[in-house]
Amino acid sequence: MTKKNKIDLDVFLIPKSGIDKTIKAFQSEMGKGLKGKDSSLKMIPTYVSRPTGNEKGDFIALDLGGTNFRILQLELKGQGRIGASKIMKFALKKKHITGSADVFFGFIADCVKSFLKENRTGSNRRTALGFTFSFPVKQKSVSSGSLVCWTKGFKVRGVIGNDVVELLRHALLKKGVTNVDVSALANDTVGTLVARSYSDRNCDIGVIIGTGTNACYPECIKNIVKLPGHAKGSGEMIINIEWGNFNKLGLTSYDIALDKASDNPGKQILEKMVSGMYLGRLAGLVLKERLKIKGEFKSEYMSVIEGDNTKNLARTEAILKKTGMTSPGMDDKKFTKNVCRIVSRRAARLSAACIAAIIKKMDLDLSRKHTVAIDGSVYEKHRTFKVDIIACLKDAFGRKSSRIKIVLAKDGSGKGAAIIAAVAAG
Ligand code: BGC
């Protein structure tokens, strides 16, 4: 029998003291980001506040943040009610996400054109379109903003530094689409927060834990020190934190190796510890030290393995065989399950620590109720994620943590962009 490497999985544990340290570091980065000082948190002003729930009308939303994107048409009925919506899904190919801006936006404009043809026959009415673009964009207004950097493996040339709304408008015109006004630009976290708060006044955090990860919250305008003078005033403005880039974190040797081999070393450090684009890779790096697995260990395997309650861990065995192991023993399967559990538990606890930091920033003593709207495949598919987040919030806030409600806000990002288009229309 070959001797198996002994691996210390405890490096992935974060004790309460580590959570408290993360909360403090996150708050300090938030403060610096709001002042425009050097910080791993961009704290991007979005020029939008939460809706009243009374916005009404017909809107179109384009929801783009990964290789699948969606176009929706929906009716806002007021009083927090959303009417029937039409929706079409499209897939971006490698040539779209690694080619030129013309190819990328041209394809999106083609899709908008087919959507309109299919769903709005006979209607020449101009409609406002909310554009959810889930990448770090430095906004100049609710309907303009330039891309700071690509994340999640996108590499389209000619977009960084340019206004993505202008690029979309230009592409639509080129394809002869003249009856939509791109009137709002939103990050997916902002869409998620806005969509939930349309009917839930307590909602004040929007989070995505999917291919990428990020969060947003409403900040008092007086605290956004870096806002240009003209935008200053009273009230609130939603801040897109871009938390995926948070980097005040203790890294294991696996995190360091993953980061080094990535497209964007030194960037999106929290994202590399939490999101679906990287979780499988990370677990794979640990597994490869002891097991003879080859090729990619996909993030989607992790939730299946963690939930494998079959007597012989048959589902885990099937996955290990897919990754090239011929006859995994019970020890190997148990080890694999443990690695998946520990890596995803750390991801959930880190997300919870960042959520706790945001809540403490808004409401130090937790004197109010808060709804945290979360969307994204990792959160949705990992049954343990929500439980781990709740347990960690309990560690941070004690009994008062019952004032925090965590909800799955499915498909909020698109709906939210339509609501923002309505808010922008006034
Ligand atoms: C992007 C964010 C986005 C998040 C979730 C990250 O990679 O930088 O803007 O909100 O992914 O989609």
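In the block above lies the structure referred to throughout.
Each chain has its residues counted from 1, following the order in which its sequence is written. Note on the predicted model: pLDDT of at least 70 is required for a residue's local features to be given, and 80 or more for side-chain atom pairs to be given and counted; whole-chain, interface and lining totals, by contrast, use all residues. Remark: hydrogens and water are excluded; side-chain values derive from all non-hydrogen atoms of the structure.

Caption draft 1: Highlighting the packing of helix α9 (residues 299-306) against helix α11 (residues 330-362). Orientation is described by lines fitted to C-alpha atoms, with helices fitted over the stretch in contact, and by angles between N-to-C directions that extend from 0 to 180 degrees. Think of it this way: any DSSP run of H or I at least four residues long counts as a helix, any run of E at least two long counts as a strand, and we number them from the N terminus. At a closest axis distance of 9 Å, the pairing of α9 and α11 adopts a crossing angle of 110°. Considering their axes alone, α9 and α11 lie roughly perpendicular with respect to each other. The interaxial crossing formed by α9 with α11 has left-handed handedness. Contact residues: Met302, Ile305 and Glu306 in α9; Thr336, Lys337, Cys340, Arg341, Val343 and Ser344 in α11. Side-chain classes are defined by residue name, with Ala, Val, Leu, Ile, Met, Phe, Trp, Tyr, Cys and Pro counting as nonpolar, Asp, Glu, Lys and Arg as charged, and the others, Gly among them, as polar. When grouped by side-chain class, the residues that make up the contact of α9 with α11 number four nonpolar, two polar and three charged. Should an angle fall under 35 degrees it is called roughly parallel, over 145 degrees roughly antiparallel, and 65 to 115 degrees roughly perpendicular, with every other angle called oblique. Should the near helix be turned anticlockwise from the far one by less than a right angle, the crossing is termed left-handed; should it be turned clockwise, right-handed. Here, two residues are considered to be in contact whenever any of their heavy atoms come within 4.5 Å of each other.

Caption draft 2: Examining the sheet that holds strand β13 (residues 404-408) more closely. The six strands are arranged β1-β11-β10-β9-β12-β13 in an open sheet whose pairing can be described as mixed. At either end of the open sheet lies a strand with only one pairing partner, and these are β1 (44-45) and β13. The pairing criterion for strands is at least two bridges between them, as found by DSSP. As paired elements, strand β9 (residues 203-209) and strand β12 (residues 370-375) share five bridges and run parallel to each other. Paired with Val207 across the bridge in β12 is Ile374. Running at roughly 160° to β9, α11 makes contact with β9, β10 (213-220), β12 and β13 of the sheet. On the sheet, helix α13 (residues 383-397) packs against β9, β12 and β13 and is oriented at approximately 165° with respect to β13.

Caption draft 3: Examining α13 more closely. Helix span, expected: 1.5 Å multiplied by one less than the number of residues in the helix. With 15 residues, α13 should reach 21 Å at 1.5 Å per residue; the first-to-last C-alpha distance of 23 Å fits that figure. Each residue's exposure class comes from its accessible area (1.4 Å probe, protein chains only) as a fraction of the maximum for that residue type: buried when under 20%, exposed when over 50%, partly exposed otherwise. Where α13 is concerned, the buried positions are Phe385, Asp388, Ile389, Cys392, Leu393, Ala396 and Phe397. Looking down the long axis of α13, one finds its buried residues gathered within 150° of arc, a one-sided arrangement. In α13, the exposed positions angled more than 90 degrees off the buried face are occupied by Arg383, Val387 and Lys394. Against α1 (16-35), β9, α11, β12, α12 (377-381) and β13 lie the buried residues of α13. Two residues or fewer after α13 comes Gly398, characterised by a positive phi angle close to 65°. Note that the arc is defined by the directions from the helix axis to the C-beta atoms.

Caption draft 4: Structural context of the site of the ligand. Think of it this way: one heavy atom of a residue within 4 Å of a molecule or strand is enough to make that residue near it. Surveying the vicinity of the ligand reveals 14 residues, the closest of which are Thr151, Lys152, Asn187, Asp188 and Glu242. In this structure, Asp188 approaches the ligand through a side-chain N or O atom, which is 2.6 Å from an oxygen atom. Between the ligand and Glu242, the relevant distance is 2.6 Å, taken from an oxygen atom to a side-chain nitrogen or oxygen of the residue. All accessible-area figures derive from a Shrake-Rupley calculation using a 1.4 Å probe, and residue coverage is judged against the displayed protein chains alone. Compared with its free state, where it exposes 310 Å², the ligand has 98% of that area covered by protein. Buried and open spaces are told apart on a 1 Å grid over the protein atoms alone, a cavity being a set of points where a 1.4 Å probe fits but cannot get out and a pocket being an open set with protein on both sides within 12 Å along at least five of seven lines. Residues with an atom within 4 Å of a point are the lining residues. Placement in a cavity or pocket follows one criterion, namely that more than half of the molecule's atoms lie within 2 Å of its grid points. Among the detected pockets, the ligand sits in the largest pocket. Per-class residue counts for the shell around the ligand are three nonpolar, seven polar and four charged. For the domain bounds, the source is a domain assignment made automatically or taken from a database. Two domains each put at least three residues into the shell around the ligand: domain 1 (1-46 + 199-410) and domain 2 (56-186). Contacts described as polar in this section are N or O atom pairs within 3.5 Å, which, within protein, must combine one atom able to donate a hydrogen with one able to accept it, while residues neighboring in sequence count only if both atoms come from side chains.

Caption draft 5: Region of interest: the packing of α11 against α13. One can describe the packing of α11 onto α13 by two numbers: an axis separation of 8 Å at closest approach and a directional angle of 45°. Between α11 and α13, the angle is such that the two are oblique. Remark: the crossing between α11 and α13 carries right-handed chirality. Between α11 and α13, the residues in contact are Arg341, Ser344, Arg345, Ala347, Ala348, Arg349, Ser351, Ala352, Ile355, Ala356, Ile359 and Lys360 and Thr384, Phe385, Asp388, Ile389, Cys392, Leu393, Asp395, Ala396 and Phe397, respectively.

Caption draft 6: Here's a closer look at unusual backbone geometry. Positive phi, close to 50°, is recorded for Gln79, a residue that is not glycine. One can find Gln79 in the loop between β3 (68-78) and β4 (81-91). On the accessibility criterion, Gln79 (65% relative accessible area) is exposed. Non-glycine residue Glu242 carries a positive phi angle of around 55°. Relative to the helices and strands, Glu242 resides in the loop between β11 (236-240) and α6 (253-260). Relative accessible area serves as the criterion here: at 4%, Glu242 is assigned to the buried category.

Caption draft 7: A look at the pattern of salt bridges. Counted as salt bridges are all cases of a side-chain nitrogen of Lys or Arg within 4 Å of a carboxyl oxygen of Asp or Glu. By the definition in use, this model includes 22 salt bridges. A salt bridge links Arg70 to Asp63, with the nearest nitrogen and oxygen atoms 2.5 Å apart. Using a relative accessible area of 10% as the deciding quantity, one classes Arg70 as buried. Here the salt bridges do not stand alone but share partners, grouping Asp63, Arg70, Glu380, Lys410 and Asp411 into one network.

Caption draft 8: Seen up close, the side chain of Thr132. By the element assignment, Thr132 lies in strand β5 (residues 127-133). Polar side-chain contacts of Thr132 include one of 3.1 Å to the backbone oxygen of Ser413. With residues up to four places along the chain from it excluded, the contact list for Thr132 reads Leu62, Asp63, Leu64, Ala186, Asn187, Asp188, Ser413, Gly414 and Ala417.

Caption draft 9: Structural view of helix α4 (residues 164-174). Turning to α4, its buried residues number three or more, namely Val164, Val165, Leu168, Ala171 and Leu172. Seen from one end, α4 has its buried residues packed into an arc of 130°, which puts them on one side. For α4, the exposed residues lying more than 90 degrees away from the buried face are His170, Leu173 and Lys174. For α4, the elements touching its buried residues are β2 (56-64), α3 (101-119), β5, β6 (137-141), β7 (144-147) and β8 (180-186). With a side-chain oxygen positioned 2.9 Å from the backbone nitrogen of Val165, the residue opening α4 is Asp163. After α4 finishes, the residue Gly176 shows a positive phi value of roughly 80°.

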